[in-house]
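Here's the letter readout for the chains.
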Amino acid sequence: MADVTILETLTRAAPNTLTPADRRRALVTMLRIRQFETRAKELFLQGVIKGTAHSSIGQEAIAAGACPVLEDRDFLLTHHRGHGHTIAKGADIRRMFAELMGRASGYCAGLGGSMHIADFDRGILGANGIVGAGIGLGTGAALAVQLTGSGAFGISFFGDGAANEGIFHEAMNLAAIWKLPLIFFCENNQYGLTTRTETVTAGPSIAARGDAYGVPNTRIDGNDLGAVREAVEHAALRARDGAGPTLIEALTYRWDDHSMRANLPSYRTEDEEEAWQTAEPIIRLKAEMIARSELAEAEYTDLVAATEAEIEAAIGWARDQPEPDMDTAMSLVATPRPSLWDSPPERGAREINYAEAITEAFALEMEHDQDVIILGEDVGRIGGIFGLTRGLYSQFGAERVRDMPISEGAIASCGVGAAMRGKRVIVEAQLWDFVTLMMDAIVNQAAKARYMLGGKARVPVVFRGPQGAGIRLAAQHTQSLEMFFANIPGLEVYAPSSAYDAKGLMASAIRHDGPVVFLEHKLLYLGKAQPVPEGRYLIEPGRARVVREGSDCTVIATMAMVERAVQAAEQLSREGLSVEVIDPRTIKPLDVDTICDSVRKTNRAVVVHEAPLFGGIGGEIAAAISENAFDWLDAPVLRIGAPESPVPYNDRLERQYMPDAARIAAAVKSVTYRS
Ligand SMILES: Cc1ncc(C[n+]2csc(CCOP(=O)(O)OP(=O)(O)O)c2C)c(N)n1
Ligand SMILES: [Mg+2]
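Quick summary incoming for the structure in this document. (Residues numbered from 1 in each chain as written. Chains lettered and ligands numbered in written order. Predicted model: local features only at pLDDT ≥ 70, side-chain atom pairs only at ≥ 80, totals over all residues. Heavy atoms only, no water.)

## Focus: the nonpolar core
Applied cut-off: Remark: nonpolar core denotes a set of buried residues (Ala, Val, Leu, Ile, Met, Phe, Trp, Tyr, Cys) joined through side-chain atoms within 4.5 Å. Buried residues are those whose accessible area, probed at 1.4 Å on protein chains only, stays under 20% of the maximum for their type, while exposed residues exceed 50% and partly exposed ones sit between those limits. The contact criterion used is simple: two residues touch if any of their non-hydrogen atoms lie within 4.5 Å.
If you look at the biggest cluster of nonpolar residues, it comprises 165 residues, and the most contacted ones within it are Phe 97, Phe 185, Phe 485 and Ile 625. Excluding anything up to four places from it in sequence, Phe 97 contacts Phe 36, Arg 39, Ala 40, Leu 43, Ile 311, Ala 314, Ile 315 and Ala 318. Cys 553, Val 566, Ala 665 and Ala 667 belong to the second largest nonpolar core, which has 29 residues in total.

## Quick look at the pattern of salt bridges
Inclusion rule: Between Lys or Arg on one side and Asp or Glu on the other, a salt bridge is scored when a side-chain nitrogen of the former is within 4 Å of a carboxyl oxygen of the latter.
Using the criterion set out here, one finds 45 salt bridges in the structure. Notably, a salt bridge pairs Arg 73 with Glu 71, separated by 2.8 Å at the nearest N-O pair. Classification of Glu 71 by relative accessible area gives partly exposed; the value is 38%. Glu 540 is paired through a salt bridge with Arg 543; the nearest N and O atoms lie 3.0 Å apart. Classification of Glu 540 as partly exposed rests on a relative accessible area of 25%. Within the structure, one salt-bridge network assembled from shared partners comprises Asp 22, Arg 25, Arg 229 and Glu 233.

## With respect to the sheet that holds strand β17 (residues 553–557)
Basically, it comes down to this: Strand pairing follows a simple DSSP-based rule, namely that at least 2 bridges must link the two strands. Runs of E in the DSSP output that reach at least two residues are strands. Runs of H or I that reach at least four are helices, and both are numbered from the N terminus. Axis definition: a line fit to C-alpha positions, over the contact stretch in the case of helices; interaxial angles, taken between N-to-C directions, run 0 to 180 degrees.
Ordered in space as β16-β18-β17-β20-β21, the 5 strands form an open sheet in which the pairing is mixed. Looking at the sheet topology across the chains shown, the edges are occupied by β16 (545–548) and β21 (638–642). For this sheet the average axis-to-axis angle between neighbouring strands, irrespective of direction, equals 25 degrees. When β16 meets strand β18 (residues 579–583), the two strands line up antiparallel, connected through 3 bridges. Pairing of Val 546 across the sheet is with Ile 582, part of β18. Contacts from helix α22 (residues 560–573) reach β16, β17, β18 and β20 (605–612) within the one sheet, and its direction differs from that of β18 by about 170 degrees. Sheet strands touched by helix α26 (residues 661–672): β17, β18, β20 and β21. Its angle to β21, the strand with the most contacts, is close to 165 degrees.

## Some points on the site of ligand 1
The criterion, for reference: Nearness is judged by heavy atoms alone; a residue qualifies as near a molecule or strand once a single heavy atom is within 4 Å of it. Counting of polar contacts relies on pairs of N or O atoms within 3.5 Å, with two restrictions inside protein: one atom must be capable of donating a hydrogen and the other of accepting it, and residues adjacent in sequence are counted only when both atoms are side-chain atoms. Per-residue and other accessible areas follow the Shrake-Rupley method at a 1.4 Å probe size, with only the shown protein chains counted as cover for residues. Following the grouping adopted for this structure description, the nonpolar residues are Ala, Val, Leu, Ile, Met, Phe, Trp, Tyr, Cys and Pro, the charged ones are Asp, Glu, Lys and Arg, and the polar ones are all others, Gly among them.
Around ligand 1, 16 residues are found, and the nearest of them are His 80, Arg 81, Gly 129, Gly 161 and Tyr 191. Between an oxygen atom of ligand 1 and a side-chain N or O atom of Arg 81, the distance comes to 2.7 Å. Measuring from an oxygen atom of ligand 1, one finds a backbone N or O atom of Tyr 191 at 2.8 Å. Calculation on ligand 1 without its partners gives an accessible area of 580 Å², and the protein chains cover 73% of this total. For the shell around ligand 1, the class distribution of residues is 5 nonpolar, 8 polar and 3 charged.

## Describing the sheet that holds strand β13 (residues 492–494)
Ordered in space as β10-β9-β11-β12-β14-β13-β19, the 7 strands form an open sheet in which the pairing is mixed. Pairing within the sheet leaves two strands with one partner each, and these edge strands are β10 (401–403) and β19 (586–588). Averaged over all adjacent pairs, the angle separating strand axes in this sheet is 20 degrees, with direction ignored. By the bridge criterion, 3 bridges tie strand β9 (residues 372–376) to β10 in an arrangement that is parallel. In the sheet register, Leu 375 faces β10, and the bridge partner there is Arg 402. In the packing of helix α15 (residues 354–368) onto the sheet, the strands contacted are β9, β10, β11 (424–428), β12 (461–467) and β14 (516–521), and the crossing angle to β14 comes to about 145 degrees.

Shown next, in the form of structure tokens:
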């Protein structure tokens, strides 16, 4: 049965602020969207469009009503059902079809498909395949424009289903406390896939959820062009005036199945479908325009014909476009770096410790570039729980060193969104284990944006925090998670072990135009002062450091294990063994050449890291040695890591859990004395 209360709402006319020209433009937009979706579905059924796509037929009034309020300087983020929004914001329909057909001239170079269409030059920051993701990214883009003071604003479109994602609530809170210029636009089409919204959504309405955050909200008829336009005009004025976000819930209905691919057993009644189709937006607008004598039936027929011709021409163009090739696709994964690196300076005499070196890199980069900002919990006045941002708050102010709510999902998404809109963002996870709550922003958004958006997106964001065991914080505050990220193309992973490297690599991470995961170690924060140059310098990622030279065995160690490997080497030297210690410094890119050159010299290798052995970087390094230096090996490559267990709290057990100098020395002896 159709939802009577909603249909009653739909027949109530909203005050109309549209001019006849606005209505005509909107009608054309709606016809273009409908014809785009109709033909896309036919092409999908013919196998010309593959994968999937989500039709917005029935919901056109939302795109046509909301998007014209956006000016060139404004932005939008949309969701999987986003064709209408991008068309209404001015995207080139030919390139949209080309993308759906997987062609090189498509918006994402054929690498993203329907759910990822973006046109940064037009302020279209992307559709998204992750339900709710655009809401979090929207907070960041809104923060970036707010900091610029341009008076611009943006809209994040999402479905009713997304209103039950945590990011909806985190983002709403964030936007409210900072008065971000953002419209949260929920297209409530009554279903999330096959699930009826009201059966999974608590409270009187999605709009009413705004009350909890002090965000003005309204529930409107989403099939009424005038109602949509008026609500968005009103919310836009608030956003431009610095009054903050608005939540709009627009009631509507999708005519087609969830997706073009979906072949789901029926979950809606024919009565319901028919009732909503009679309330459909195009026929309503057409009837209104005819009643106002703004349109004649024959003119409408001409508009439809002209739209059909335009869409056919776009399809014809798209069909003729070449497909992308693998080399080009591969070139879009990694964000290019400058090919010229300063040669790192001498260490000098001045000494600071690892934590202070990172702080110094922040300060120098923030001084150098106004766009660098830091987001994290407690990073402001107290400088984070380990004090790394202490002093920066008084130097650079609360706008650039921003205390965040305990909202890791929003912190990370906000960082990515701000980076997409021109900022260089440093995102702190208070303890690295909390990164598990940031994973969508890092893995699905930041890591893939450049590739999936056809090489157009620039996402300069550093995700950083302290990992590792050693100070009895137990299993949820002590993990070594580098391999979570090393396995994701598009991310770089830095893991310095000395103060000198930490400063130079942090500068490189901040100045990189792509996402970097920067791992620090709690035990190293507590380490001794070491010589570090005072000025700015960069260390090239993917260049290992030979920490100590030797000729009998190579020990490759990461982070807190480097110092332990050096201790083992010193102990062994007293027994007559010469051990070379290598710190890769960056897990990805990994300097296989330096490691293998060393093994070709020593003929033996031991790899040591703090993470559990299985799936650790040790396996990668051992494989690289076997592939590149097998003929030089006199013994199998040995790996040392933590046991297959969470980190124990008990002091003695925690020490036993972490590899130490004695275990490293024993491993070196076992490979050295076997030949
Ligand atoms: C995080 C996440 N969970 C689940 C999915 C699979 N999925 C894609 S669309 C969708 C329904 C979303 O419903 P809604 O937000 O109401 O948007 P609509 O499809 O109705 O426009 C689901 C479950 C996904 N893509 N991302
Ligand atoms: Mg829905």
